[in-house]
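The chain contents come next:
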Amino acid sequence: MKFARNVALVLAVVSSSCVGAFSTSRINNSMKVSSNAATMLRETNGGLDTDLILPSFSTKEDYIAYLKKAGSLPDGFALGTAQGTFVSVEAPAMGPLPIKATVIHLTEGPTDSWAAVFTSNRFPGCPVKIGKDRLAKGHPLQALVINNKISNVCPGGDGIAAAESVCAAVAEGLNLPGGANTVLPSSTGVIGWRLPAKELAEDVVPKAIEAIQADSAFAAAEAIMTTDRYPKLRSKTLSNGVRVVGVAKGAGMIEPNMATMLGYIMTDATIEKSKLQTMLSDASNRSFNSISIDGDESTSDTVVAFASGLKPLSSEDELRTALFEVCEGLSSDLVRNGEGTGHVMRVKISNFPGSEYDARRMGRHLVNSPLVKCAVSGNDPNTGRIAGAIGSFMGKFFPGESVDEMSLTLGGRTIFNNGKFVLEGQEVEEELSNHMADAQLGEDDEFPQHQKFVEIGIDFGGEGSDVTVLGSDLTKEYVAVNADYRS
């Protein structure tokens, strides 16, 4: 049984699309910022927003303080979190297990302006089924409830009824006039186990409502974590004061398709429902659908966007750009926080002879190659594995397209051109290995120490699609985490 580790991109305060995600020109691989410089960066906007490229941090405490200061919620939103325990029906010998709930409340009333995209997995979780039904029927929304530990996917009992009972508890606790139909459930956790609805509805949810506050999104970033090593939060303020805040959850079982994992986007801007849906769908394709940690698509992938409508929107383009930045950052954070991740690969594909969708497929094929992952993990510039993975994909799916003009770079150095490798001398070998080592992270770090990447460039020549895909390496820690996941 595997956790539906749906990355919860909780609370990105806005609606929009992540166009131009992972723009290489906007993210400098070599940027390293001291603690004093990080303070200066935060002070440029009063500390209310995260930087496009996060600074380096020397301690976990510095990282947490940075996120807390940047996590102010937009107008019209409040949230609370709480923890309880339950005993699994499926594995009672494991004894009491912890479970957390997060309640997000639109304090000024329900909104019709909400959008969502969901997993294409053919075994979707019960919350996904409820969400699709709410969206199709056009129900307004006023609250969202998220639990970790149990994903409520294909459980032995009635998972739909269990999720609805938790929604009813939220509606009662918040005195929502629209009842449970205005509450959207989301779950992340072990697949196949029954949702402990009684414990959530009677204990954890009421405590989360008691703890509700309108100050910061940071509590949600922490509460939604499962195997995540640290919370993830990004924020942006528009020129007219509209807030964009995003938090993300996800460390494994990450390769979304038609969705972005478990996420929630909220904004205090005024925006039409149809425009919000278009922006959200675009954002999903251009950011979170361009990452992979292990190639496994979760059964619970969901992204929901809420708009409280409390502030006028002076520029849709500015809102879109702000959301793009938040999504870019969170997507990168998710891969960097992957289970056992020691390196983040950034693959920039240029002039691919096909659609952006297929270009992303090729990029994910490369970063999902076990041989490539292991080579990167060991700082081994075994460049033949990169070419081999590309050739495998092109031979299977684009056998009629020429690769004669394709060139490859690693760390900015050309390693393949005109059908031949360009690798001569120990100096080149050491340069490539040092590039990988410089981007290395601790496999069990509790905060992101830097924002560096192993940079891989693929140019097919001519004209075609340009995309960037992020992926992680494969380490012993990843195996260890997933060999003992449920406990």
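All residue numbers refer to positions counted from 1 along the written sequence of the respective chain. Only residues with pLDDT of at least 70 get local features here, since the model is predicted, and only at 80 or more are side-chain atom pairs given and counted; chain-wide, interface and lining totals rely on the full set of residues. To obtain the side-chain values, all non-hydrogen atoms of the structure were included, while hydrogens and water were left out.

Novice: What's the story with the overall build of the chain in this structure? I'm lost.
Specialist: Counting from the N terminus, the helices are DSSP H or I runs at least four residues long and the strands are E runs at least two residues long. Each helix and strand in the chain was counted, giving 13 helices and 19 strands. The buried share among the 487 residues of the chain stands at 58%. Whether two residues are in contact is decided by their heavy atoms: any pair within 4.5 Å suffices. Counting only contacts in the chain whose residues sit at least 6 apart along the sequence, the fraction spanning at least 24 positions is 84%. Accessible surface is estimated by sampling points in the Shrake-Rupley manner with a 1.4 Å probe; for residues, cover comes only from the protein chains shown. Total accessible area on the chain stands at roughly 17,800 Å², and carbon and sulfur atoms take up 50% of it. Burial classes: relative accessible area under 20% of the type maximum marks a residue as buried, over 50% as exposed, and values in between as partly exposed (1.4 Å probe, protein chains only).

Novice: Even after reading the chapter, I still don't get the sheet that holds strand 6 (residues 143-147), so can you show me in this structure?
Specialist: Pairing between the strands of a sheet comes from backbone hydrogen bonds, and it takes one of two forms, parallel or antiparallel. Reading across the sheet, the 4 strands line up as 3-4-6-7 and stay open at both edges, with mixed pairing between neighbours. This sheet does not close on itself; its edge strands, each paired only once, are strand 3 (77-87) and strand 7 (183-187). Between one strand axis and the next, the sheet turns by 15° as a mean value, whatever way the strands run. Think of it this way: DSSP has to see at least two bridges between two strands before they count as a pair. As paired elements, strand 3 and strand 4 (residues 96-106) share 11 bridges and run antiparallel to each other. From the neighbouring strand, Phe86 faces strand 4, where its bridge partner is Leu97. For every element, the axis is a line fit to its C-alpha atoms; helices are fit only across the contacting stretch, and the angle between N-to-C directions ranges from 0 to 180 degrees. Along the sheet, helix 5 (residues 197-210) contacts strand 3, strand 4 and strand 6; its crossing angle with strand 3, the most-contacted strand, is approximately 145°.

Novice: Just to check I follow, could you spell out the side chain of Arg346 for this structure?
Specialist: Considering the arrangement of structural elements, one finds Arg346 in strand 14 (residues 344-352). Within polar-contact distance, the side chain of Arg346 engages the side chain of Glu455 at 2.4 Å. The term polar contact refers here to a pair of N or O atoms within 3.5 Å; inside protein, the definition further demands a hydrogen-donor-capable atom paired with an acceptor-capable atom, and it admits residues adjacent in sequence only when both atoms are side-chain atoms.

Novice: Is there a simple way to explain helix 7 (residues 273-286) in this structure?
Specialist: Each turn of an α-helix holds 3.6 residues, which means side chains three or four residues apart point in the same direction. The end-to-end C-alpha separation of helix 7 is 20 Å, in line with the 20 Å expected for 14 residues at 1.5 Å each. Contact partners of the buried residues in helix 7: strand 5 (114-118), strand 11 (262-269), strand 13 (302-311) and helix 8 (316-336). Expected span of a helix: the number of residues minus one, times 1.5 Å.

Novice: Whenever I open this one, the confidence of the model for the chain confuses me. Can you help?
Specialist: In regions of low pLDDT, the predicted coordinates are not meant to be interpreted in detail. pLDDT gives the predictor's per-residue confidence on a scale running from 0 to 100. Overall, the predicted model of the chain reaches an average pLDDT of 85, with 85% of residues at or above 70. Scored below 50 in pLDDT, residues 252-260 shows 55 contacts in the model against residues more than four places distant or in partner chains.

Novice: I keep staring at the environment of Ile99 and nothing clicks. Help me out?
Specialist: As for its placement among the helices and strands, Ile99 is situated in strand 4. Those residues within four positions of Ile99 in sequence are excluded, and the remaining contacts are Ala82, Gln83, Gly84, Thr85, Phe86, Asn147, Asn148, Lys149, Pro196, Leu200 and Val204.

Novice: Please clarify how the packing of helix 10 (residues 370-377) against helix 11 (residues 383-397) should be interpreted in this entry.
Specialist: Helix packing for two helices is described by the angle between their axes and how far apart those axes are. In the contact formed by helix 10 and helix 11, the axes pass within 9 Å of each other and the chain directions differ by 155°. In terms of orientation, helix 10 lies roughly antiparallel with respect to helix 11. Considering the relative orientation of helix 10 and helix 11, their crossing is left-handed. In this structure, helix 10 contributes Leu371, Val372, Cys374 and Ala375 to the contact, and helix 11 contributes Arg385, Ile386 and Ala389. For the contact of helix 10 with helix 11, the per-class residue count stands at 6 nonpolar, no polar and 1 charged. Oblique is the label for any angle not under 35 degrees, not over 145, and not in the 65 to 115 range, which are roughly parallel, roughly antiparallel and roughly perpendicular in turn. Each crossing gets its handedness from the near helix: less than a right angle anticlockwise from the far helix is left-handed, clockwise is right-handed. Gly falls in the polar group here, along with every residue not listed as nonpolar (Ala, Val, Leu, Ile, Met, Phe, Trp, Tyr, Cys, Pro) or charged (Asp, Glu, Lys, Arg).

Novice: Hey, could you run me through the packing of aromatic side chains in this one?
Specialist: Any two of the Phe, Tyr and Trp rings considered here, Trp counted by its six-membered ring, make a pair once their centres fall within 6.5 Å; the pair's planes then place it as stacked at under 30 degrees, edge-to-face at over 60, or tilted in between. This model, assessed by the stated rule, comprises 8 aromatic pairs. Plain terms: the ring middles of Phe57 and Tyr63 are 5.2 Å apart, the flat faces sit at 75° to each other, and that makes the pair edge-to-face. Neither residue differs from the other here; Phe57 and Tyr63 are each classed as buried. Ring geometry for Tyr63 versus Tyr230: centroids 5.6 Å apart, planes at 80°, classification edge-to-face. One end of the pair, Tyr63, is in helix 2 (residues 60-70); the other, Tyr230, is in the loop between helix 6 (218-223) and strand 9 (232-237), and 167 residues separate them in sequence. What makes Tyr63 buried here is its relative accessible area of 1%. By relative accessible area, Tyr230 is classed as buried at 2%. Three or more aromatic residues joined by ring pairs form one cluster here, namely Phe352, Phe393, Phe397, Phe398 and Phe460.

Novice: Where do I start with a negative patch on the surface in this structure?
Specialist: Exposure above 30% relative accessible area and no salt bridge define the residues that can form patches, which grow by joining like charges within 9 Å and nonpolar side chains of Val, Leu, Ile, Met, Phe, Trp and Tyr within 5 Å. Criterion for a salt bridge: a side-chain nitrogen of Lys or Arg within 4 Å of a carboxyl oxygen of Asp or Glu. Counted charges follow a simple rule, with Lys and Arg positive, Asp and Glu negative, and His plus the chain ends left uncounted. Taken as the charge location is NZ of Lys, CZ of Arg, CG of Asp or CD of Glu. A contiguous patch of negative charge, built from Asp380, Glu427, Glu429 and Glu430, is present on the exposed surface. Here Asp380 is to be found in the loop between helix 10 and helix 11. The exposure class assigned to Asp380 is partly exposed, which follows from its relative accessible area of 33%.

Novice: How should I be thinking about the nonpolar core in this particular structure?
Specialist: Side chains that are nonpolar tend, in soluble globular proteins, to be buried together. Counting residues in hydrophobic clusters, the biggest one holds 35 residues, and the most contacted among them are Tyr63 and Phe306. At 5 residues, helix 2 tops the list of elements feeding residues into this core. Not counting residues within four places of it along the chain, the set of residues in contact with Phe306 comprises Phe77, Leu106, Thr111, Ser113, Trp114, Leu141, Leu144, Ile265, Met266 and Thr267. Residues Ile349, Ile386, Leu432 and Met436 belong to the second largest nonpolar core, which totals 32 residues. Throughout this description, the term nonpolar core refers to a set of buried Ala, Val, Leu, Ile, Met, Phe, Trp, Tyr and Cys residues connected via side-chain atoms within 4.5 Å.

Novice: Even after reading the chapter, I still don't get the environment of Leu319, so can you show me in this structure?
Specialist: Relative to the helices and strands, Leu319 is located in helix 8. Among the residues examined, Leu319 registers a relative accessible area of 0% and is labelled buried. Taking the C-alpha atoms as reference, Leu319 lies 9.2 Å from Thr237; in sequence the two are 82 residues apart.

Novice: Can you walk me through the packing of helix 3 (residues 126-137) against helix 4 (residues 159-174) in this structure?
Specialist: For the pair helix 3 and helix 4, interaxial distance at closest approach is 9 Å and the crossing angle is 70°. The angle between helix 3 and helix 4 places the two elements in the roughly perpendicular class. Regarding helix 3 and helix 4, the two cross each other, and that crossing is right-handed. Touching Cys126, Lys129, Ile130 and Arg134 of helix 3 are Gly159, Ile160, Ala163, Glu164 and Cys167, all from helix 4. Grouping the constituent residues of the contact of helix 3 with helix 4 by class yields 5 nonpolar, 1 polar and 3 charged.

Novice: Explain unusual backbone geometry to me, please; I cannot follow it from the model alone.
Specialist: In terms of backbone geometry, most residues other than glycine have negative phi values and most peptide bonds are trans. The residue Asn152 is not glycine, and still its phi comes out positive at about 60°. When you line up the elements, Asn152 lands in the loop between strand 6 and helix 4. Notably, Cys154 is not glycine yet its phi reads approximately 50°, a positive angle. Mapping Cys154 onto the fold places it in the loop between strand 6 and helix 4.

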